[in-house]
Amino acid sequence: MTSEQKPTVGFIGLGSMGTGMTRNLQESGFPLVVHDLRRESADALVGGGARWADSAAETAAESDLVITMLPTPRIVADAVSGPGGILEGIRDGGTWIDMSTSVPEVADAVREATRHRALRILDAPVSGMSAGAATGTLQIFVGGDAADAARVRPVLEAMGDPDRILHVGGHGAGYAVKLMINQLWFSHLVATAEVLSVGVAAGVDLGVLRDALVASPANSHLVEHDVLSILHRGDYDEGFAMALACKDLGLSIDLARSTGISVELSGLVEQVFRRARNAYGDRAGEMSPFRLYEDLVGAPLRIPAPAPAGTPGVVA
Ligand code: NAD
């Protein structure tokens, strides 16, 4: 496919995630039209040939398909249906893909209000943190019509790992899968913080305790991999803010409520996250609840990072 044949992608929301995603779209040869509340967030993209649009409506009018990557359902709804929103610019039969972590209600209302316009609407939220957005290795969960999902796949492949771009069901299924992944991961985070803190307070060496967990049936991806950013470097992942993590947990509980399933554990985890947000602020990293337990222990939980391969005395 030559770059002339590629559709023009409109992209709204150039934050921690959108910055890397748009850079990868640009590097894959997709012509871009971009918009954000912060004009400066587009400087590098415009330098690379992207067009700036002054509104969501203009973004949609100048592109073949438009993507939103925005913080909350309310903001997505405003950017689509509010004054100057996507619906004012998008052509009949046009495509809107919401890659934000959100809930189906926003797109449901848009579909209902635009039935006569035959818009193609997909939810395609992502996992993989800002690092995955930067490297183009996001996991993407697509909800909506299968043929529409197949048609936009080349665009998604510019941002995600082709083996982990999954069509997971009809409208809203992508949002639901994403929210459940976050819920489980955040639950793992709190559970891991608890057991590491109690073990250390009981006198066990932190590295020995973690090694034992990794070798046990209680191992998890978080214990084996993700928690090392904290234990090695004190990095609580500021690429994903506590304010957004708490938003996701609230949406997850709303989703559970809408199904009638009782979720006592999810409720507790949400409360721990809200306590951490109060303690460390909206912009603190998503793994900051770990700090609550470090505060109880009275010291950061750290183990030395292995020396990089090639360091004298280290077997690579
Ligand atoms: P962010 O806060 O870093 O970026 C959001 C961007 O949207 C900002 O640049 C902001 O200026 C812009 N914006 C806000 N309101 C706007 C509006 N009305 N019109 C135009 N632009 C507007 O957020 P993020 O971390 O990039 O997250 C975006 C979405 O992706 C969220 O739904 C989040 O839950 C989800 N997500 C984030 C991560 C992560 O690690 N950061 C991972 C997976 C999913």
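Here, the structure is the one placed above.
Conventions used here
Residues numbered from 1 in each chain as written. Predicted model: local features only at pLDDT ≥ 70, side-chain atom pairs only at ≥ 80, totals over all residues. Heavy atoms only, no water. Buried < 20%, exposed > 50% of the residue type's maximum accessible area, 1.4 Å probe, protein only. Helix = DSSP H or I, 4+ residues; strand = E, 2+ residues; numbered from the N terminus. Pairing = 2+ DSSP bridges. Arc of directions from axis to C-beta. Contact = heavy atoms within 4.5 Å. Phe/Tyr/Trp six-rings, centres within 6.5 Å; stacked < 30°, edge-to-face > 60°. Lys NZ or Arg CZ within 6 Å of the ring centre and 35° of its normal. Near = heavy atom within 4 Å. Polar contact = N/O pair within 3.5 Å; in protein donor to acceptor, adjacent residues only side chain to side chain. Areas by Shrake-Rupley, 256 points an atom, 1.4 Å probe, with all protein chains shown as cover.

1. A closer look at the pairing of strand S4 (residues 65–68)
- By the alternation rule, side chains of S4 split into Leu65 and Ile67 and Val66 and Thr68, which are all buried.
- Alignment of strand S1 (residues 9–12) against S4, held across four bridges, turns out to be parallel. The residue of S4 that forms the bridge with Val9 is Leu65.
- Pairing of S4 with strand S5 (residues 95–98), which is carried by four bridges, proceeds in the parallel orientation. Within S5, the residue paired with Ile67 across the bridge is Ile97.

2. Digging into helix H4 (residues 73–81)
- By the burial criterion, the buried members of H4 are Pro73, Val76, Ala79 and Val80. The buried residues of H4 occupy one face: seen down the axis, they fall within an arc of 125°.
- Close packing links the buried residues of H4 with helix H3 (56–61), S4, helix H5 (86–89), S5, helix H6 (104–113) and helix H14 (242–259).

3. Quick word on the packing of aromatic side chains
- Throughout the structure, instances matching the rule amount to two aromatic pairs.
- In this structure, Arg291 packs its charged tip against the face of Tyr236, placed 5.7 Å from the ring centre.

4. Focus: the site of the ligand
- Taken together, 25 residues form the shell around the ligand, and within it Ser16, Met17, Asp36, Arg38 and Leu70 come nearest.
- Contact between the ligand and Met17: an oxygen atom at 2.9 Å from a main-chain N or O atom of the residue.
- At 3.1 Å from an oxygen atom of the ligand is found a main-chain nitrogen or oxygen belonging to Thr101.
- Within the complex, 87% of the 830 Å² of free accessible area of the ligand lies under protein.
- Broken down by secondary-structure element, the contributors of at least two residues to the shell around the ligand are helix H1 (16–27), helix H7 (129–135) and H14.
- If one sorts the elements of the shell around the ligand by residue count, H14 sits on top with three residues.

Shape descriptors only; they carry no functional weight alone.
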